[in-house]
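Survey of secondary and tertiary structure
Here is how the chains run, residue by residue.
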There are 4 protein chains.
Amino acid sequence: MEDTLRNKETQLVESAMNIIINEHIKLTHSINYNEIASMIPTINNAKNIFVIGAGRTGLMMKASAMRLMHLGYQVHVVGETTAPAIEEGDLLIAGSGSGTTSGIVRAAETAKKVGAGLICFSTNNTSPLATMSDQTVVIPAAQKQARDENVSKQYAGSLFEQSLLLTFDALIQTLWDLDGSTASELWKRHANME
Amino acid sequence: MEDTLRNKETQLVESAMNIIINEHIKLTHSINYNEIASMIPTINNAKNIFVIGAGRTGLMMKASAMRLMHLGYQVHVVGETTAPAIEEGDLLIAGSGSGTTSGIVRAAETAKKVGAGLICFSTNNTSPLATMSDQTVVIPAAQKQARDENVSKQYAGSLFEQSLLLTFDALIQTLWDLDGSTASELWKRHANME
Amino acid sequence: MEDTLRNKETQLVESAMNIIINEHIKLTHSINYNEIASMIPTINNAKNIFVIGAGRTGLMMKASAMRLMHLGYQVHVVGETTAPAIEEGDLLIAGSGSGTTSGIVRAAETAKKVGAGLICFSTNNTSPLATMSDQTVVIPAAQKQARDENVSKQYAGSLFEQSLLLTFDALIQTLWDLDGSTASELWKRHANME
Amino acid sequence: MEDTLRNKETQLVESAMNIIINEHIKLTHSINYNEIASMIPTINNAKNIFVIGAGRTGLMMKASAMRLMHLGYQVHVVGETTAPAIEEGDLLIAGSGSGTTSGIVRAAETAKKVGAGLICFSTNNTSPLATMSDQTVVIPAAQKQARDENVSKQYAGSLFEQSLLLTFDALIQTLWDLDGSTASELWKRHANME
């Protein structure tokens, strides 16, 4: 890095980045990796996989869905144009920090009713969403409105959303390892018209 | 209808609606239904169907994609999260009034390069998109910026966009007739989580 | 039109198109244009306009939102990335054939709770959505699952969705007439980066 | 953490997570925080902010756009329904690992042509996108197809995409610090209809 004048804004950005990274280092010690590993057979046995999430959490679920598609899974994002009905034998993976977002809880109820599997990523395992899930991956990050500076100094659900991306990418990396495909085999599935 | 005071705004709306309907009646005489019917075997033989369009035209292509999914086709919207790469044996259906939108022309080039089929809906059959297409459905409605009041009094590409919806829905209705499924069989595929 | 062989598929497509056009001609006689015209002052007085709809109805609401943006209104699509919270003085325009879709009914409740206006497009004025709306535009087309061949021979909510597009475009055309802007003034607002 | 049986899959997931975190720790030492801090006055002076990105990078740009909206900026995602034309005085923030994605390069050209500002996030500062940008934030992570195991063991552009989220969130946190608003003031802007 060049020898640059370290002004106030630069120091604030660097400090914010260090806070973010440290919060993730701390989280790695409280995540239960068994919970994530347990998703592997469920994902491999699902007919179709659906993902759902609201706001920034929804964007992270979409990022995960795109990678699952690259790996060759049949995957749909709830709410996108060509997502069909969920059926018995399918799997819904829901992301929700609070586990209470009503649109997501109702989708989860539909999934259970038709006999599909249900996995959730959440900050706790006592919410309506988590209690109805077959498997819950707990990411012990603050909820959006229940800010606790001991858990995260970041705004709203940022730590949860970031950790959802990193955690799901660790799962993706594992699915890829177990699958044994080369990067170029996966690359062929990447969207080639945008 | 109640006996209401017909004020200026009400008259303007009714008059606008009559203009719109009359433009569509006129269009039905200049559409070549053979062009649309020719899409049927192409659609039925495609492995995966992709649709693409920009702006409001893109929204109409999405509406068509949703119905193709209801009918049981494997269909993707270019740019949505889980759309994979297009491959040989697949089909791209592109909507573009002008047939010159660069992102769509490049997508069409990719489709041709990989050996996929290419159908377009356009206002003419001489554009870059139409000339590279295997089949073109011409909807003789004014282009967005080449407004000709003899063709449409509506703003920009509205007549084309509306007619794209109606025309594609006529095709959908025909595919459904030929398929013989009941409405309740199709209904089972409708998204059940929103 | 060229002298083409009129095979079975061509006849089916042409016949489907005639059915569609005739259903719209019939609808123009049962729409109350006062209901649509009454939206004009409400739209003009709104601070921010939000639109919402599910499935194909949602796509038609997006097409309408795009045109409202072209006309210079501050408009957002519920669920898109940068849509903020709805507030007092804002307006929610909801499209729902049945008027019962739960996500839309809840959004409407939120709109009312914060003191925003609520307009709906629906097939009837007795649904939960319509009864809580300040103004309802009734499009007397069959609901998705209550198919009545006397109302429409088309699949599911197609007639409603098409008519929503045409009806809202008649309103847009009227707003444009009243505004007095030229097409080129509006054209400057069209997205220039896609 | 409970005393759980550490099977192979669990070890793989934990190992993948450690690789991911270590790659981010390493990146924090090679990011130039001045580049990020330099965005602050540009963002504060922009009339409208537009963001663009393809694939997972696009999803991370959307996550950033949502937070900019929460902070009170006028922000649009290129390609979403109500995004208007970019104009002089506006700002385009583009994310692209390679800096060569054609749709993004063309959008950047449009931004420059109309007199808007242009900032990019990229893995290098020599690409077409970076060379035309007013400011570039270099995230020295491997490009999608130029995989270098010394830079990242992760699949494709994952490290870039994750770091884009973390880096932009560090900027967001700084903008929030400088702004002085409380979390509850920002919370009022969060979408309340989904």
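Everything below is about the structure printed above this text.
This structure is a prediction, so every number in the text was calculated from the model and none was measured.

So, on to the overall build of chain A. Regarding its fold elements, chain A presents eight helices and five strands. Along chain A, helices (α) and strands (β) appear in the sequence α-α-α-β-α-β-β-α-β-α-β-α-α when read from the amino end. In terms of overall dimensions, chain A has a C-alpha envelope of 60 × 40 × 30 Å along the principal axes. Taken over 194 residues, chain A has a buried fraction of 61%. Restricting the contact set of chain A to residue pairs at least 6 apart, pairs at least 24 apart contribute 68%. Averaging the positions of the 15 positive and the 20 negative side-chain charges in chain A gives two centres separated by 4 Å.

A few words now on the relation of the copies chain A and chain B. Least-squares fitting of chain A to chain B yields an RMSD of 0.0 Å, with the transformation described by 0.0 Å of translation along the axis and a rotation of 180°. Given the turn and translation reported, the copies of this chain are related as if by a two-fold rotation axis. Within chain A, Glu80 of chain A has its C-alpha nearest the rotation axis, a separation of 3.6 Å. Here 100% of the contact residues of chain A are again contact residues in chain B; the copies associate through an equivalent surface.

Attention now goes to the pairing of strand β4 (residues 117-122) of chain C. Walk down a regular strand and you will see the side chains alternate between the two sheet faces. All names here are of chain C. Of all six residues in β4, six are buried; the element is thus mostly enclosed. The alternating pattern of β4 places Gly117, Ile119 and Phe121 on one face and Leu118, Cys120 and Ser122 on the opposite face, and all of these are buried. Here strand β3 (residues 91-95) runs beside β4; their pairing, made up of five bridges, is parallel. Considered in β4, the bridge of Leu92 is made with Leu118. At this point the chain moves from β3, through helix α5 (residues 102-114), to the parallel β4, and the crossover so formed is right-handed.

Residue and element names in this part refer to chain D. Here we have five strands laid out as an open sheet, ordered β2-β1-β3-β4-β5, and parallel in their pairing. Here the strands that pair on one side only, and so sit at the sheet edges, are β2 (75-77) and β5 (135-138). Geometrically, the sheet is characterised by an average inter-axis angle of 20° between neighbouring strands, direction not taken into account. Of the strand pairs in this sheet, strand β1 (residues 49-52) and strand β3 (residues 91-95) are connected by four bridges, and their pairing is parallel. Counted as the bridge partner of Ile49 is Leu91 from β3.

Another aspect to go through is the sheet that holds strand β4 (residues 117-122) of chain B. Residues and elements named next belong to chain B. With parallel pairing, five strands are arranged side by side in an open sheet as β2-β1-β3-β4-β5. Both edges of this open sheet fall to β2 (75-77) and β5 (135-138), since each of them pairs with a single strand only. Strand-to-strand twist of the sheet, defined as the mean angle between neighbouring strand axes without regard to direction, takes the value 20°. Both strand β1 (residues 49-52) and β2 contribute to a ladder of three bridges, which runs parallel. Paired with Ile49 across the two strands is Val75, which belongs to β2. Strand contacts of helix α7 (residues 158-179): β3 (91-95) and β4, with the helix running at about 130° to β4, the strand carrying the most contacts.

Listed per partner, the contact involves 65 residues of chain A and 65 residues of chain D. Roughly 5800 Å² is buried in total at the junction of chain A and chain D, and carbon and sulfur atoms are behind 69% of that figure. The largest per-residue losses of area from chain A upon contact with chain D belong to Tyr33, Arg56 and Tyr155 of chain A, which jointly make up 14% of the total buried on that side. Counting every contact that joins chain A to chain D gives four salt bridges. The residue Asp169 of chain D makes a salt bridge to Arg56 of chain A at a minimum N-O spacing of 2.7 Å. Where chain A touches chain D, the interface holds 18 residue pairs in polar contact (both at pLDDT 80 or more). Looking at the side of chain A that touches chain D, the elements that each hand over two or more residues are α1 (8-28), α2 (33-37), α4 (55-70), α7 (158-179) and α8 (183-187) of chain A.

The contact between helix α5 (residues 102-114) of chain A and α5 of chain C brings their axes to 11 Å, and the two run at 160°. Classed by the angle they form, the pair α5 of chain A and α5 of chain C counts as roughly antiparallel. Viewed along their axes, α5 of chain A and α5 of chain C form a crossing whose handedness is right-handed. Contacts between α5 of chain A and α5 of chain C involve Ser102, Gly103 and Arg106 of chain A on the former and, on the latter, Ser102, Gly103 and Arg106 of chain C. In terms of residue class, the contact of α5 of chain A with α5 of chain C is made up of no nonpolar, four polar and two charged.

Thresholds, definitions, all that
Residues numbered from 1 in each chain as written. Chains lettered and ligands numbered in written order. Predicted model: local features only at pLDDT ≥ 70, side-chain atom pairs only at ≥ 80, totals over all residues. Heavy atoms only, no water. Helix = DSSP H or I, 4+ residues; strand = E, 2+ residues; numbered from the N terminus. Buried < 20%, exposed > 50% of the residue type's maximum accessible area, 1.4 Å probe, protein only. Contact = heavy atoms within 4.5 Å. Lys, Arg positive; Asp, Glu negative; His and termini not counted. Charge placed at Lys NZ, Arg CZ, Asp CG, Glu CD. Least-squares fit on C-alpha atoms with pLDDT ≥ 70 in both. Pairing = 2+ DSSP bridges. Right-handed = clockwise from strand over helix to strand, strands pointing away. Axes fitted to C-alpha atoms, helices over the stretch in contact; angles between N-to-C directions. Buried area = accessible area lost by both parts, 1.4 Å probe. Salt bridge = Lys/Arg side-chain N within 4 Å of Asp/Glu carboxyl O. Polar contact = N/O pair within 3.5 Å; in protein donor to acceptor, adjacent residues only side chain to side chain. Parallel < 35°, antiparallel > 145°, perpendicular 65-115°, else oblique. Left-handed = near helix turned anticlockwise from the far one by under 90°. Nonpolar A, V, L, I, M, F, W, Y, C, P; charged D, E, K, R; others polar.

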